[in-house]
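Descriptive structure summary
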Amino acid sequence: MIPVLLGGYAFIVIAGSLLLEAYAVWICLAASLVLALALQQINKRRMQATVPAYRSAKDTGTALPEDSSAENRQPSSDILDSLFDHSPSPVGLTDDAGRFQRVSRTLERLLGVPTNQLIGTTFDSFISEEQQASLRKRYTMMKLGTPQVFDTSVLHRSGYRVDLTTTAVPLDDQGNKDRFLFMFQDITERKRADEQFRHMAYYDDMTGLPNRRLFRDQLTGALRLAEIHHQCVAVLYVDIDGFKLFNDCFGYDYGDMLLLQVGERFTRCISDNDFIARTEGDEFAFFYTQIEGREQAMLLAGQLQAVLEQPFILDQVELHVTASVGISLLSRESEDADTLMKQANMAVTRAKENGKSDIVLFSSEMRSLALQKLQLENDLRRAIAGHEFVLHYQPQVEIESGKIIGMEALIRWNHPMKGSIPPGDFIPYAEQSGLIVAISEWVLLEACQQNKAWQDAGLPKVPVSVNLSSRQFLQHNLKNKVNEVLRHTGLAPEYLELEITEGMTMDVEHAIASLVELKQLGVQVSIDDFGTGYSSLSYLKKFPVDRLKIDRSFVRDIMDDPSDAAIVATIISITRHLNLKVIAEGVETEEQLSFLHRNQCHEVQGYWFSPPLNAEKMGTLLGRITCRASQHVEA
């Protein structure tokens, strides 16, 4: 009966393993454990049944059959036979010294050793010396009747390592726990997968360096040791200057090659007590232990910059690279890894803002500034949603006639708590955060709506100038967005002028293509703040623009600085030869106005005529055909 039940049991286990393949390992392991425990209980019950019979026969003087013990042991032997013959998991039976007395063929395959050679060998001969002490302790526990489950590894006869989950159960044989049943499960593939997942979680897949997560964990441990030994720890963030330009010029493959070479050079700058990681993009992080203080940290930062001085060679292309470095030092205010990393990140951000190849040590002022930036960004988002922005308009005047020939829309922010905020205090942050796109789109729509409203009210029709942000100008669908605003407001395109800066024309091909598309709409285009950027005069003649605006920084000092006077006169001459209009910004005195008129600059804008006005006052001013400017023009 028992063999039949055992055969059915084996059938259920094997069938379950095939149907539930994902859980086959655990099904076989659990089944083997259940079977072993069942064998132990069966053996114990038979022993208990044998003892009373022996005592009864002894009391009555009746002799037991000579083969009674053999009969009692036979069912257990049959069960063991089935276990060793049919268990899909490797199984081995050892004595109390760990010598194999019986093994399954699956164990033979697992170890690569024939069955006849396994018998008599010890299990610990297949494991490393470091694991043998632990195995001896487990034998001690099993002799006390406690089953053991543990992970170990053995060496296959071919030389490779096999990882195992081992279940060891003591077999109670007439009260003697001197035999042990071992059941093994090969978990080599699972452990390799776990190691691969761990590597993916803690290492950068491109450079092979540790990533931010592992850097943080290692830094946490280093800070604990530094606290115990009263040592100083420095965290350095290194950011490659102009890395985006490398990617744009050569492609991401070249950018990856560059980062690989940079990472290799940086690894030369650390000792066994230090750590390096690639945290993201072109940013690398370091921490140095056992340093003396600020001076040594600055010296280490300089060494990191120095290893980049030699040019990099990428497919026969020679590149020179610089880096900005931010430093944070362990202090009472920065006792944890996250704080130190944040401080180093703020410091490297400041270094990038200061220019290339700078080194900045974190200070508490940076935290205050970062909080201000965050608050300002939140306020800007609220301002967009709450309609806190307003437009003022500064008239542009023709000197000869005194007529208003245009106006520039200038944004102002009416903060509910801080009052009026000038654009110079929030536009740079809007550029950094990307909110400038939404703000610029609102300015364009509002200026066109207001100009159309003035025209519908019968006021003179003059163009309104709107400044495009650099992000706006780089949008591929800029033409469609401008066209949609004109269609929505009903403003004729000739009454809209779009202003770009010289910096936006650095990408000449994109600038020409975008300007051509805008001109196709019929709008006017001007280059603002001319003379402060890096525009090439050879490209200037190719740009489809209508006029140039002389920057106020030159106009301000034309009466005191001969160089500024010469620059302004030259710009006016260039525009005249290129058949472009020119307008001077920032005109505040009669002398400036007279100088510009003598040099044939016919259009001006500035406080001499009017400061920027709100929509109501600008509407009133538009009702005047002329202004008093012509009265101050020299004969």
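So, here's what we can say about the structure. (Residues numbered from 1 in each chain as written. Predicted model: local features only at pLDDT ≥ 70, side-chain atom pairs only at ≥ 80, totals over all residues. Heavy atoms only, no water.)

From N to C terminus, the protein includes 23 helices and 21 strands. Here the protein holds 635 residues, and 43% of them are scored as buried. Taking the intrachain contacts of the protein between residues at least 6 apart in sequence as the baseline, contacts between residues at least 24 apart amount to 62%. (Helix = DSSP H or I, 4+ residues; strand = E, 2+ residues; numbered from the N terminus. Buried < 20%, exposed > 50% of the residue type's maximum accessible area, 1.4 Å probe, protein only. Contact = heavy atoms within 4.5 Å.)

Turning to the pairing of strand 17 (residues 496-501), a few remarks are in order. The buried fraction of strand 17 amounts to five of the six residues, a majority that puts the element mostly inside the structure. By the bridge criterion, four bridges tie strand 16 (residues 464-467) to strand 17 in an arrangement that is parallel. Among the inter-strand pairings, Val466 is bridged to a residue of strand 17, identified as Leu498. Note that strand 17 and strand 18 (residues 524-530) share five bridges and pair parallel. Bridge pairing in strand 18 places Ile500 opposite Ile527. With helix 18 (residues 508-521) bridging strand 17 and its parallel neighbour strand 18, the resulting β-α-β unit is right-handed. (Pairing = 2+ DSSP bridges. Right-handed = clockwise from strand over helix to strand, strands pointing away.)

Here we come to the layout of surface pockets. There is about 850 Å³ of room inside the largest pocket. Glu408, Leu410, Pro423, Asn467 and Asp528 are the residues nearest the centre of the largest pocket, which is lined by 32 residues in total. Only strand 13 (389-398), strand 14 (404-415), helix 14 (427-433), helix 15 (436-456) and strand 18 provide two or more residues apiece to the lining of the largest pocket. Residue contributions to the lining of the largest pocket peak at five residues, all from strand 14. Class assignment of the residues belonging to the lining of the largest pocket gives a composition of 14 nonpolar, nine polar and nine charged. Approximately 500 Å³ is the volume found for the second largest pocket. If you trace the second largest pocket, you find it lined by Asp239, Glu280, Glu283, Asn345, Val348, Thr349, Lys352, Glu353, Gln432, Ser470, Arg471 and Leu474. The element contributing the most residues to the lining of the second largest pocket is helix 12 (residues 337-354), with five residues. Classifying every residue of the lining of the second largest pocket by side-chain character gives two nonpolar, four polar and six charged. (1 Å grid on protein atoms, 1.4 Å probe; cavity = no way out; pocket = protein on both sides within 12 Å on 5 of 7 lines; lining within 4 Å. Points joined across faces, edges and corners; volume = space filled by probe spheres on them. Nonpolar A, V, L, I, M, F, W, Y, C, P; charged D, E, K, R; others polar.)

Judged by pairing direction, the sheet is mixed, and its five strands sit side by side in the order 7-8-6-11-12 without closing on themselves. Bordering the open sheet on either side are strand 7 (275-280) and strand 12 (359-361), each of which pairs with just one other strand. Averaged over neighbouring strand pairs, the angle between their axes works out to 20° when direction is ignored. Direction of pairing for strand 11 (residues 323-329) relative to strand 12: parallel, over a ladder of three bridges. Paired with Val325 across the strands is Ile359, a residue of strand 12. (Axes fitted to C-alpha atoms, helices over the stretch in contact; angles between N-to-C directions.)

Enumeration according to the criterion identifies 26 salt bridges in this entry. Here the residues in one salt-bridge network are Glu408, Glu499, Lys549 and Glu585, joined through shared partners. (Salt bridge = Lys/Arg side-chain N within 4 Å of Asp/Glu carboxyl O.)

If you check which residues of helix 9 (residues 243-250) are buried, you get Phe243, Phe246 and Asn247. Seen along its axis, helix 9 keeps its buried residues to an arc of 95°; they face one direction. Looking at helix 9, the residues exposed on the side facing more than 90 degrees away from the buried face are Lys244, Leu245, Asp248 and Cys249. Buried residues along helix 9 sit in contact with strand 6 (232-240), helix 10 (252-266) and strand 10 (317-319). A positive backbone phi angle near 100° is found at Gly251, which sits one or two residues after helix 9. (Arc of directions from axis to C-beta.)

What follows concerns the side chain of Ser526. Mapping Ser526 onto the fold places it in strand 18. Look at Ser526 and you get buried, because its relative accessible area is 0%. Not counting residues up to four positions away in its chain, the partners in contact with Ser526 are Glu497, Leu498, Glu499, Ile500, Arg547 and Lys549.

This next bit is on the packing of aromatic side chains. Inspection of every chain in the model, using the stated rule, returns 17 aromatic pairs. Pairing Phe389 with Trp413 gives two aromatic rings, centres 5.8 Å apart and planes at 50°, and the pair type is tilted. One end of the pair, Phe389, is in strand 13; the other, Trp413, is in strand 14, with 24 residues separating them in the sequence. Judged by its relative accessible area of 7%, Phe389 falls in the buried class. Ring centres of Phe389 and Trp442 lie 6.3 Å apart, and the angle between their planes is 45°; on these two criteria the pair is classed as tilted. Residue Phe389 is found in strand 13, and its partner Trp442 is found in helix 15; the two are separated by 53 residues along the sequence. Taking relative accessible area as the criterion, Trp442 reaches 24% and is therefore assigned partly exposed. (Phe/Tyr/Trp six-rings, centres within 6.5 Å; stacked < 30°, edge-to-face > 60°.)

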